[in-house]
Amino acid sequence: MQRPADTASPDVAKQPRPADVARWLAGRQWPVHPLAPGRKTPAANCEQCRARSHEPSDCPCHRQGKWCHGFHSATTDLARIEDWWSREPRAGVAVSCGPAHLVVLDVDAHAAQVPDRDRLLPGIQIPEQVDLSGLASGFDTLALLAAYRKEADPAEDEKTLRVRTPSGGLHIWYVNSEPAVRYRSSTGSSPRTALAWQVDVRAHGGYIVAPTTRTSAGAYTPLGAVRDPAPLPAWLSAELRRTGHVIQTTPVPGPRPAGRARLPRTGAVQALLQPLIETVRECAASAEGTGFTEKLNRAAYTAGGLAGAGYLNQAEARQELTEAAHYARPHQTRRSETIIDAALSAGASRPFHPKGLA
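Residues numbered from 1 in each chain as written. Predicted model: local features only at pLDDT ≥ 70, side-chain atom pairs only at ≥ 80, totals over all residues. Heavy atoms only, no water.

## Some points on the packing of helix H9 (residues 314-328) against helix H10 (residues 333-348)
- One can describe the packing of H9 onto H10 by two numbers: an axis separation of 10 Å at closest approach and a directional angle of 145°. Classified by chirality, the crossing of H10 by H9 is right-handed. Residues Gln314, Arg318, Leu321, Thr322, Ala325 and His326 of H9 pack against Thr333, Ser336, Glu337, Ile340, Asp341, Leu344 and Ala348 of H10.
- Residue classes in the contact of H9 with H10 are distributed as five nonpolar, five polar and three charged. (Axes fitted to C-alpha atoms, helices over the stretch in contact; angles between N-to-C directions. Helix = DSSP H or I, 4+ residues; strand = E, 2+ residues; numbered from the N terminus. Left-handed = near helix turned anticlockwise from the far one by under 90°. Contact = heavy atoms within 4.5 Å. Nonpolar A, V, L, I, M, F, W, Y, C, P; charged D, E, K, R; others polar.)

## Some thoughts on the sheet that holds strand S7 (residues 207-209)
- Reading across the sheet, the three strands line up as S1-S2-S7 and stay open at both edges, with antiparallel pairing between neighbours. Bordering the open sheet on either side are strand S1 (32-35) and S7, each of which pairs with just one other strand. Adjacent strand axes in the sheet meet at a mean angle of 35° when their direction is disregarded.
- Bridge analysis of strand S2 (residues 92-96) against S7 gives three bridges, and the strand direction is antiparallel. Paired with Val95 across the two strands is Ile208, which belongs to S7. (Pairing = 2+ DSSP bridges.)

## Notes on helix H6 (residues 234-242)
- Listed in full, the buried residues belonging to H6 are Trp235, Leu236, Ser237, Glu239 and Leu240.
- Elements that come into contact with the buried residues of H6 comprise strand S3 (102-107), helix H5 (138-148), strand S5 (170-175) and strand S6 (199-202).
- Phi turns positive, to about 80°, at Gly244, one or two residues after H6. (Buried < 20%, exposed > 50% of the residue type's maximum accessible area, 1.4 Å probe, protein only.)

## A few points about the environment of Val246
- The residue Val246 is located in the loop between H6 and helix H7 (265-281) in this model.
- Judged by relative accessible area, which is 23%, Val246 ranks as partly exposed.
- Counting along the chain gives 63 residues from Val246 to Tyr183, while the straight-line C-alpha distance between them is 4.6 Å.

Shown next, in the form of structure tokens:
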């Protein structure tokens, strides 16, 4: 399919400083946080946060103005932003999508084996007579989804902010105009919650790399002249609802034995999960031969089971798992995220009520 042409506007050509970008975004009431210089992952936690066990959302470092735990630290406070980028001027910029009311479609163009047709558009049966030859990326599945709904391809939507990624993918930014409805983040490879193959959704529980941010792979370059996200199209909102992206405002209790109360993660649940996450982090000591995949899968599956039983917040567990995986294997972020999402989904489908939590 034809993809949008790369058109750099004058503001892109000037390559604004990350601090200026962060201030501009915060001025729009979009909370921002720093990325590690040259990377698309959050800046590293402080040494204390690496060593202690606690909920990212309740980290005391946030009250001290530190950037620990990625999007959990995101802010619009200009003084804090000035301090952060004064300490690390090379840090990239990311936006916490949930509090910014953003829904961003992250269209991938990575080389990957195309799955069976029943996994290309979750919940939609693609007839055998539909010729899928040449389908190779998220650009194709998103266009196919739009065609099924008789709507325009979002990748060609010139009325909203679109950003070309260094890998050849595309970020399509939209504003959620229904603040009462919250959408969860997802990956296009997830077997449980996905919009389309190789199309990730960045919303609550996720962040998006800001335009003009530069990594070792290249720059995130806005296309055309539009710099404002358009309202999320009604048909895409309907698709997100259909594919299970809406976060329930009232928690739905999972099946639990009678008389068992939900326990705070800081107690027995933390004692159970944290050692598994630490085994993932410990893999950083060696580049191979550590059983990294098995350890990450086990930790994520356990977290999914505990989340399914109502003992912890799955989005926060995913963030912690992602940080641990990146610490151990910083060069395989996408593979680690795929393992985490699959294991979380599998675990959540089998709620886990371990002994000692009664």
